[in-house]
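Given next are the chains, with one letter for each unit.
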Amino acid sequence: MKVSAIITLKKDVLDPQGKVIHQALDGMGFENISEVRQGKYFEIDVNENDPNKAKAVVEDMCKKLLANLVIENFKIIETQ
Amino acid sequence: MRSSVITFPGSNCDRDMDVALKKFGFNNKMVWHDESELPKSDLVVLPGGFSYGDYLRCGSMASKSKIMQSVINFAKSGGLVMGICNGFQILVETGLVPGVLLRNKYLEFICKNVFVKLDNKENTYFKNLNKDILEFHIAHNEGNYFCTKDQLKEIEDNNQIAIYYCNKEGKIEDQHNPNGSIKNIAGIFNKEKNVLGMMPHPERMIDQSLSGEDGSIFFKNLINNIK
């Protein structure tokens, strides 16, 4: 089954890319924005039918490789 | 003195480091990332470059490669491990030194000479060095050192800050911080001071006519300290 993971920077970590994107959007006329934060999205097809087991595997992946927990948080979403 | 330089796919300062280590008397071996055993070494170097194309996060893939388990064991048993630039990024991803390296504050790749100030000489890397301010070269996109407040307190309490970005006179100020690093930090030790990660490249400063010789001073002193 497919499991997705979203990795985002923690609140107090500076995100210079997000800031530049914000400025660009602002320049394009999207003025009603207070902040942009950039993150990463993974879609992982796990050979597992039990959703809880599949999510547990992806959680382990996030902790060990996909996210760096000093600066990032992760959220797991079951997609299929 | 025996040294090993680990080459990952995408490393590009491995041969410069090999030249530098040999020039100052190390018997150096190049070790491919896919090996599982380290040769007998007094010093292991993780060189600069773009291991695995900087995919995911700089250094993250290399930190999980086969040889790294031996490097981690070597470091944990007190062996000297030095990570330069991408090697520093690999070290933080293994957790051997605290913190992370983020994108440079102004999103530029920075390639220039900088001055760094040594903070702590009670370690094998800097003991007996007769200079406190060295001119090294930096070339990186992700050198913006960051750690949590708790980590920073621990790092300061244990004297783990190895070098700071500064000016020629050794002043550590915001305007001499090239990349936005917390407290102008350019290099960090582990608690035991046998593992050193730093963004600047001493191996690029070993030729009088090309670059100046602050790297020579560093390597000569290092091999004497290991002997």
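A short note on the overall build of chain B
Right, on to step 1. Secondary structure summary: chain B contains 5 helices and 11 strands in total.
Right, on to step 2. By the compact-globule yardstick of 17 Å for 227 residues, chain B fits well, its C-alpha radius of gyration being 16 Å.
Right, on to step 3. If one aligns the C-alpha atoms of chain B with their principal axes, the spans along those axes are about 45 × 40 × 35 Å.
Right, on to step 4. Evaluated residue by residue, chain B yields a buried proportion of 50% over its 227 residues.
Right, on to step 5. Contacts in chain B between residues at least 24 apart in sequence constitute 75% of all its contacts with a sequence separation of at least 6.

Points about the overall build of chain A
Right, on to step 1. Scanning chain A from terminus to terminus reveals 2 helices and 3 strands.
Right, on to step 2. Each helix and strand of chain A, ordered N terminal to C terminal, gives the series β-α-β-α-β.
Right, on to step 3. Over its C-alpha atoms chain A spans a radius of gyration of 16 Å, topping by over 25% the 12 Å that the globule rule assigns to 80 residues.
Right, on to step 4. Expressed as lengths along the three principal axes of its C-alpha atoms, the size of chain A is roughly 45 × 25 × 15 Å.
Right, on to step 5. Across the 80 residues that make up chain A, the buried fraction comes to 11%.

Considering the pairing of strand β1 (residues 2-7) of chain B
Residue and element names in this part refer to chain B.
Right, on to step 1. Most of β1 sits out of view: 5 of its 6 residues are buried.
Right, on to step 2. Where β1 lies against strand β2 (residues 27-32), 6 bridges are found, and the strand directions are parallel. The residue bridging Arg 2 from the neighbouring strand is Asn 27, located in β2.
Right, on to step 3. For the crossover that starts at β1, traverses helix α1 (residues 14-23) and ends in the parallel β2, the hand is right-handed.

A closer look at the interface of chain B and chain A
Right, on to step 1. Residue-level contacts link 12 residues of chain B with 9 residues of chain A.
Right, on to step 2. For the side of chain B that touches chain A, the residue count by class is 5 nonpolar, 3 polar and 4 charged.

Some details on the confidence of the model for chain B
Right, on to step 1. For chain B, the average pLDDT comes to 96, and 100% of its residues sit at 70 or higher.
Right, on to step 2. Of the two predicted TM-score estimates for the complex, the pTM is 0.93 and the ipTM is 0.81.

Concerning the sheet that holds strand β6 (residues 110-118) of chain B
Residue and element names in this part refer to chain B.
Right, on to step 1. Taken together, the 9 strands give an open sheet; going across it, the order is β2-β1-β3-β4-β11-β10-β9-β6-β7, and neighbouring strands pair in mixed fashion. The two strands at the open ends of the sheet, each matched to only one other strand, are β2 and β7 (133-140). This sheet shows a mean twist of 25° between the axes of neighbouring strands, independent of strand direction.
Right, on to step 2. Bridge count for strand β4 (residues 80-84) against strand β11 (residues 195-198) is 4 bridges, and the pairing is parallel. In the strand pairing of β11, Gly 83 is matched with Gly 197.
Right, on to step 3. Lying on the sheet, helix α2 (residues 66-76) is in contact with β1, β2, β3 (43-46), β4 and β11; it crosses β4 at an angle near 125°.
Right, on to step 4. This element, helix α5 (residues 214-226), spans β3 and β7 of the sheet and lies at about 105° to β7.

Some points on the environment of Thr 7 of chain B
Residues and elements named next belong to chain B.
Right, on to step 1. The residue Thr 7 is located in strand β1 in this model.
Right, on to step 2. Classification of Thr 7 by C-beta neighbours within 10 Å gives buried; the count is 23.
Right, on to step 3. When the C-alpha positions of Thr 7 and Val 31 are compared, they lie 6.0 Å apart, and in sequence the two are 24 residues distant.

Observations concerning the sheet that holds strand β1 (residues 2-9) of chain A
In a beta sheet, neighbouring strands are held together by backbone hydrogen bonds and run either parallel or antiparallel to one another.
Residues and elements named next belong to chain A.
Right, on to step 1. Spatially, β2-β1-β3 is the arrangement adopted by the 3 strands of the open sheet, whose pairing is antiparallel. Two strands in the sheet have a free side with no partner beyond their single neighbour: β2 (39-45) and β3 (72-78). Put simply, the sheet's adjacent strands are angled 20° from each other on average, direction ignored.
Right, on to step 2. Here β1 runs beside β2; their pairing, made up of 7 bridges, is antiparallel. Considered in β2, the bridge of Ile 6 is made with Tyr 41.

Topic: helix α2 (residues 51-66) of chain A
All names here are of chain A.
Right, on to step 1. Over its 16 residues, α2 runs only 19 Å from end to end, short of the ideal 22 Å by more than 12%, given 1.5 Å per residue.
Right, on to step 2. Of the positions making up α2, those classed as buried are Ala 54, Val 58, Cys 62 and Leu 66. Projected onto a plane normal to the axis of α2, the buried residues spread over an arc of 85° and lie on a single side. Opposite its buried face, α2 presents the exposed residues Asn 52, Lys 53, Asp 60, Lys 63 and Lys 64, each directed more than 90 degrees away.
Right, on to step 3. Buried residues in α2 make contact with β1, β2 and β3.

A short note on the pairing of β3 of chain B
Residues and elements named next belong to chain B.
Right, on to step 1. Residues Leu 43 and Val 45 of β3 are buried on one face, and the alternating residues Val 44 and Leu 46, pointing to the opposite face, are buried as well.
Right, on to step 2. Relative to β3, β1 runs parallel, the two being bridged by 3 bridges. Of the residues in β3, the one forming a bridge with Val 5 is Val 45.
Right, on to step 3. In terms of strand pairing, β3 meets β4 through 4 bridges, oriented parallel. Bridging across to β4, Val 44 finds its partner in Val 81.
Right, on to step 4. What joins β3 to β4 is α2, and the crossover it makes is right-handed.

Rules used in this analysis
- Residues numbered from 1 in each chain as written.
- Chains lettered and ligands numbered in written order.
- Predicted model: local features only at pLDDT ≥ 70, side-chain atom pairs only at ≥ 80, totals over all residues.
- Helix = DSSP H or I, 4+ residues; strand = E, 2+ residues; numbered from the N terminus.
- Rg over C-alpha atoms; globule rule 2.2 N^0.38 Å.
- Buried ≥ 20, exposed ≤ 12 C-beta atoms within 10 Å, placed from the backbone.
- Contact = placed C-beta atoms within 7 Å.
- Pairing = 2+ DSSP bridges.
- Right-handed = clockwise from strand over helix to strand, strands pointing away.
- Nonpolar A, V, L, I, M, F, W, Y, C, P; charged D, E, K, R; others polar.
- pLDDT = per-residue confidence, 0-100.
- Axes fitted to C-alpha atoms, helices over the stretch in contact; angles between N-to-C directions.
- Expected span 1.5 Å × (residues − 1).
- Arc of directions from axis to C-beta.

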